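If you want the building blocks of each chain, they are given just below.
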Amino acid sequence: MRPIRGFTLIELLTTVVIAVILITVAVPGFRSMILNNRITTASNTLVGFLNAARANAIREGRTVTVCVDNAPGSLSCSGTDWASGWKLWVDRNSNGSVDSGEVVRTQNAMANGITITASGFANSTFIQYLPNGMSGSSGDFTVCDSSRTGESGVKITVGPTGQVLSSTVTCS
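None of the values given here were measured: they were computed from a predicted structure. (Residues numbered from 1 in each chain as written. Predicted model: local features only at pLDDT ≥ 70, side-chain atom pairs only at ≥ 80, totals over all residues. Heavy atoms only, no water.)

A.B. asks: Hey, could you go over the overall build of the protein for me, with residue numbers and the actual values?
C.D. replies: When you go through the protein residue by residue, the secondary structure sums to one helix and eight strands. Listed by position from the N terminus, the elements making up the protein come as α-β-β-β-β-β-β-β-β. Over its C-alpha atoms the protein spans a radius of gyration of 24 Å, topping by over 25% the 16 Å that the globule rule assigns to 172 residues. For the C-alpha atoms alone, the extent of the protein along its principal axes is close to 90 × 35 × 25 Å. Taking contacts inside the protein between residues at least 6 apart in sequence as the whole, the part at least 24 apart equals 51%. Charged side chains in the protein number 12 positive and 10 negative. The centres of these two groups are separated by 10 Å. (Helix = DSSP H or I, 4+ residues; strand = E, 2+ residues; numbered from the N terminus. Rg over C-alpha atoms; globule rule 2.2 N^0.38 Å. Contact = heavy atoms within 4.5 Å. Lys, Arg positive; Asp, Glu negative; His and termini not counted. Charge placed at Lys NZ, Arg CZ, Asp CG, Glu CD.)

Okay, structure coming up:
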């Protein structure tokens, strides 16, 4: 006679209980990781745009602007909410406004709950890079998750030389 193989009901229930305990412990940490990654993604995207603007200004020898764009697809910079999107454009005809063919890149709105606040700039709705790569004004962007106060966010500093630096900041 062959021995019976398989698991007893007690063994299966023990395995299920252990799995539930592990999942209960892991899920809150996983949620926090997802929220932190949203902040990282938003800040890395903005840093990439700022670095691209500086590179374009030097390469083309023209003023390059990154501005708030609450109306994607339009030929204007509008709004004050950086989290709603932005565009990078090169002022090829030096008229100070966005014209057809001058938009290099656009960014759609960030994930829900992400806030991007500009401070210290001469104008908080745009930043310009001069043909020598210097920024028209210096200041900071703060990227946070509005659903979590007291958590870490990212501070993006644009210096007068145009250099972009990132650091950790506590969101309020």
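A.B. asks: Give me the state of the cysteines: which residues, what numbers.
C.D. replies: Tallied over the entire structure, the rule returns two disulfides. Residue pairing for Cys-67: its cysteine sulfur links by disulfide to Cys-77, the two sulfurs lying 1.9 Å apart. Residues Cys-67 and Cys-77 are joined through a disulfide that is left-handed, its torsion about the S-S bond being -65°. One end of the pair, Cys-67, is in strand β1 (residues 64-68); the other, Cys-77, is in the loop between β1 and β2 (86-90), and 10 residues separate them in sequence. In this model, Cys-144 is linked to Cys-171 through a disulfide, with the two sulfur atoms separated by 2.0 Å. Given an S-S torsion of about -90°, the disulfide between Cys-144 and Cys-171 has left-handed geometry. (Disulfide = S-S within 2.5 Å.)

A.B. asks: Explain unusual backbone geometry to me, using residue names and the numbers behind them.
C.D. replies: Backbone geometry places Ser-94, a non-glycine residue, at a positive phi of 55°. Along the chain, Ser-94 falls in the loop between β2 and β3 (103-107). A residue is classified by how much of its surface remains accessible, and Ser-94, at 56% relative accessible area, is exposed. (Buried < 20%, exposed > 50% of the residue type's maximum accessible area, 1.4 Å probe, protein only.)

A.B. asks: Give me the lowdown on the pattern of salt bridges, citing residues and values where you can.
C.D. replies: Within the structure shown, the criterion is met by six salt bridges. Of the charged contacts, one joins Asp-140 and Lys-155 as a salt bridge, the two residues approaching to 4.0 Å between their closest N and O atoms. Taken as a pair, Asp-140 in strand β6 (residues 139-145) and Lys-155 in strand β7 (residues 152-158) lie far apart in primary sequence, 15 residues in all. In this structure Lys-155 comes out as partly exposed when scored by relative accessible area, which is 30%. Residue Glu-151 pairs with Arg-148 through a salt bridge whose shortest N-O separation is 3.9 Å. Here the salt bridges do not stand alone but share partners, grouping Arg-38, Asp-145, Arg-148 and Glu-151 into one network. (Salt bridge = Lys/Arg side-chain N within 4 Å of Asp/Glu carboxyl O.)

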